[in-house]
Amino acid sequence: DMQYFVGGFTTGAIPDYQMAAMAMAILLRGMTAEETAALTKVMMLSGELVDTSSISRPKIDKHSTGGIGDKVSLILAPLAACCGVAVPMISGRGLGLTGGTLDKLESIPGYRTNVPETEFVRIVNACGCSIIGQTERLVPADRKLYALRDVTGTVPSIPLIVASIMSKKLAAGLDGLVLDVKCGRGAFMKTEGDARALAAALLDVARRMNKAATALITDMSQPLGRTAGNALEVIEAVETLKGKGPADLVDVTLALSARMLMLGHVCATEQEALGLLRKRLASGDALNKFLEMIALHKGDTSFINNLSRFPAAAHRIPVTAQADGTVADVDPDAIGRACLMLGAGRSLVTDKVDHAVGVSGIAKVGQAVSRGEPLAFVHANATESLDAAKDLVAKAFALAFHVNETPAMI
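Just so you know, these numbers come straight off a predicted model, no measurement behind them.

**Student:** Describe the packing of aromatic side chains, with residues and values.
**Tutor:** For the structure on display, the rule yields one aromatic pair. Measuring from ring centre to ring centre gives 5.4 Å for Phe303 and Phe310, while their planes differ by 75 degrees; the resulting arrangement is edge-to-face. Residue Phe303 shares its accessibility class with Phe310, and that shared class is buried. Taking NZ or CZ as reference, Lys144 lies 4.5 Å from the ring centre of Phe9, over its face. Across the ring face of Phe377, the terminal group of Arg316 is positioned such that the distance to the ring centre comes to 3.9 Å.

This is how it looks when you write it as structure tokens:
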């Protein structure tokens, strides 16, 4: 029945209004685990599958449910690749507050995210990792259904989320998948209970489809790292690959990468995996792997070797503390809405992204600040959005005399 319905929708034999009704029924009534797995499978098989049989190394990918400042994929893919696994990553664009992984990579001049599948596999064989966008022939049912869900209010359905994520990932010919389920105000899942329910549903589908998978729930109660915005996040990712990244970003990246190495049977324990990952990060091997991947995608590596080459926004305005204190809260949603206002994200799929704008130098929870000290910097090109974005960023921060502890990231 699912094959009949999804297949008919994909070919146009079943009209959009019927699928809209089906999506709303799924949102309201839910689906059993068996139904969710069936939906995932028929969506996966709605197009061509990527033939990764020529890749001899374990093929392990990571998927994040998304959050403000989440640039982990840019660090994780080359880091895991230089430790012995292959990372064939098919990623997405941002629709909402900030850009997606593809938008970040496209801030590097020349980087091609739309390479053919044969070249995608060739690049993975050559350097161990490649990050591209979803091709026209890969899971067309998901592309059509997601566009429909976005305009019918049916995005927040766990079965539909699971089918969308897993159909694309499993179509890429993976041996294993690590899932990063974000939890908190800056994530899609606001509560730990919802995040655990989504993680369980994702893992259940992986099990039913005989794919090795593991999931981590990571904190999104404040932005990840100290930047939000496409080129700004690339710069921070490169700094992290040079061993100078913020602790929260490094910790999450290492935790997810360690699971990848264990799924690929490169390392037997988390301790062994973390030791290898830290060694590759400190040696510069991961940075060199990132440069190699960019070159194979025809990106200009001189921007990575000289970060000042990235175009700067016309305005870089500090948002300062109004009193002495300790940062008690940083609202990631407010930072994200400011980024969207500046042009770093999309309200519609057709919107163009301004790669230079965003927020940098974001102070972290637990950080002591003095009156007049910057809590963040707003990077803007359009003056008409600057004041409103600055106000949003200012309201994102709450100060206190003392903060007992910072949020646990994992």
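**Student:** Please provide a residue-by-residue account of the pairing of strand E3 (residues 129–133), values included.
**Tutor:** Counting buried residues along E3, five of its five residues qualify, which places the element largely inside the surrounding structure. Neither face of E3 is left uncovered, since the one carrying Cys129, Ile131 and Gly133 and the one carrying Ser130 and Ile132 both have all their residues buried. Pairing analysis gives five bridges linking strand E2 (residues 87–91) to E3, with the strands arranged parallel. Counterpart to Pro88 in the pairing with E3 is Ser130.

**Student:** Quick rundown of helix H11 (residues 247–263)? Include the residues and the values.
**Tutor:** Taking 1.5 Å of rise per residue, 17 residues should cover 24 Å, and H11 covers 24 Å from first to last C-alpha, within 8% of that figure. Positioned one or two residues after H11, His265 has a phi angle of 60 degrees, which is positive.

**Student:** Tell me what's going on with the nonpolar core, and back it up with residues and numbers.
**Tutor:** Core analysis: the largest hydrophobic core is formed by 58 residues, its most contacted members being Val87, Ile108, Ile131, Leu261, Phe290, Ile304 and Phe310. With 10 residues, the single largest contributor to this core is H11. When sequence neighbours within four positions are dropped, the list of residues in contact with Ile304 reads Ile108, Val234, Val238, Lys242, Leu287, Phe290, Leu291, Ile294 and Phe310. Ranked by size, the runner-up nonpolar core spans 51 residues in total, among them Phe5, Met19, Val115 and Val121.

**Student:** Give a detailed account of unusual backbone geometry, specifying residues and quantitative values.
**Tutor:** Even without being a glycine, Val139 presents a positive backbone phi close to 45 degrees. For Val139, the location among the structural elements is in the loop between E3 and helix H7 (140–152). Accessibility expressed as a relative area gives 0% for Val139, which makes it buried. Located in the positive-phi region is Asn210, a residue other than glycine, with phi close to 55 degrees. One can find Asn210 in the loop between helix H9 (192–208) and strand E5 (212–219).

**Student:** Describe the packing of H11 against helix H12 (residues 270–283), naming the residues involved and giving the relevant values.
**Tutor:** Here H11 crosses H12 at 115 degrees, and the two axes come no closer than 9 Å. Here H11 is positioned roughly perpendicular relative to H12, judged by the angle of their axes. When you trace H11 past H12, the crossing you get is right-handed. Contacts between H11 and H12 involve Leu254, Ser257, Ala258, Arg259, Leu261 and Met262 from the first element and Glu270, Ala273, Leu274, Leu276, Leu277 and Arg278 from the second. Looking at the contact of H11 with H12 residue by residue, the classes come out as eight nonpolar, one polar and three charged.

**Student:** Outline the environment of Gly84, supporting the account with residue identities and numerical values.
**Tutor:** Mapped onto the secondary structure, Gly84 falls in the loop between helix H4 (72–81) and E2. Note on Gly84: relative accessible area 25%, which makes it partly exposed. Residues Gly84 and Gly176, spaced 92 residues apart in sequence, show a C-alpha to C-alpha distance of 14 Å. For Gly84, the contacting residues outside a window of four places in its chain are Arg57, Pro58 and Val266.

**Student:** Outline the sheet that holds strand E4 (residues 176–183), listing residues and values.
**Tutor:** Overall, parallel pairing links the three strands, which are arranged E1-E4-E5 in an open sheet. At either end of the open sheet lies a strand with only one pairing partner, and these are strand E1 (60–64) and E5. Ignoring which end each strand starts from, the neighbouring axes of this sheet average 20 degrees apart. Here E4 runs beside E5; their pairing, made up of eight bridges, is parallel. Within E5, the position partnered with Asp180 by the bridge is Leu216. The sheet strands contacting H9 are E4 and E5, and the helix crosses E4 at an angle near 165 degrees. Along the sheet, H11 makes contact with E1, E4 and E5, crossing E4 at roughly 155 degrees.

**Student:** Can you tell me about the environment of Thr65, naming the residues and giving the values?
**Tutor:** Along the chain, Thr65 falls in the loop between E1 and H4. Taking C-alpha positions, Thr65 is 9.4 Å from Ile161, a pair spaced 96 residues apart along the chain. The residues contacting Thr65, other than those within four sequence positions of it, are Ile165, Asp180, Val181, Lys182 and Leu198. A polar contact of 2.9 Å, which involves the side chain of Thr65, links it to the backbone nitrogen of Lys182.

**Student:** An account of the state of the cysteines is requested, with residue identities and associated values reported.
**Tutor:** Summed over all chains, the structure comprises zero disulfides. The thiol sulfur of Cys129 is not disulfide-bonded, and the nearest other cysteine sulfur, from Cys127, lies at 4.2 Å. According to the relative accessible area criterion, Cys129 is buried, its value standing at 0%.

**Student:** Which residues make up the pattern of salt bridges, and what are the values?
**Tutor:** A pair can form between side chains of opposite charge whenever their charged atoms are brought close. Applying the stated criterion across every chain, the model contains 21 salt bridges. Between Asp329 and Arg185 there is a salt bridge; the shortest N-O distance is 2.5 Å. One end of the pair, Asp329, is in strand E7 (residues 325–330); the other, Arg185, is in the loop between E4 and H9, and 144 residues separate them in sequence. A relative accessible area of 34% places Arg185 in the partly exposed class. Between Glu239 and Lys244 there is a salt bridge, with its nearest N and O atoms 3.5 Å apart.

The rules we used
- Residues numbered from 1 in each chain as written.
- Predicted model: local features only at pLDDT ≥ 70, side-chain atom pairs only at ≥ 80, totals over all residues.
- Heavy atoms only, no water.
- Phe/Tyr/Trp six-rings, centres within 6.5 Å; stacked < 30°, edge-to-face > 60°.
- Buried < 20%, exposed > 50% of the residue type's maximum accessible area, 1.4 Å probe, protein only.
- Lys NZ or Arg CZ within 6 Å of the ring centre and 35° of its normal.
- Helix = DSSP H or I, 4+ residues; strand = E, 2+ residues; numbered from the N terminus.
- Pairing = 2+ DSSP bridges.
- Expected span 1.5 Å × (residues − 1).
- Core = buried A, V, L, I, M, F, W, Y, C linked by side-chain atoms within 4.5 Å.
- Contact = heavy atoms within 4.5 Å.
- Axes fitted to C-alpha atoms, helices over the stretch in contact; angles between N-to-C directions.
- Parallel < 35°, antiparallel > 145°, perpendicular 65-115°, else oblique.
- Left-handed = near helix turned anticlockwise from the far one by under 90°.
- Nonpolar A, V, L, I, M, F, W, Y, C, P; charged D, E, K, R; others polar.
- Polar contact = N/O pair within 3.5 Å; in protein donor to acceptor, adjacent residues only side chain to side chain.
- Disulfide = S-S within 2.5 Å.
- Salt bridge = Lys/Arg side-chain N within 4 Å of Asp/Glu carboxyl O.

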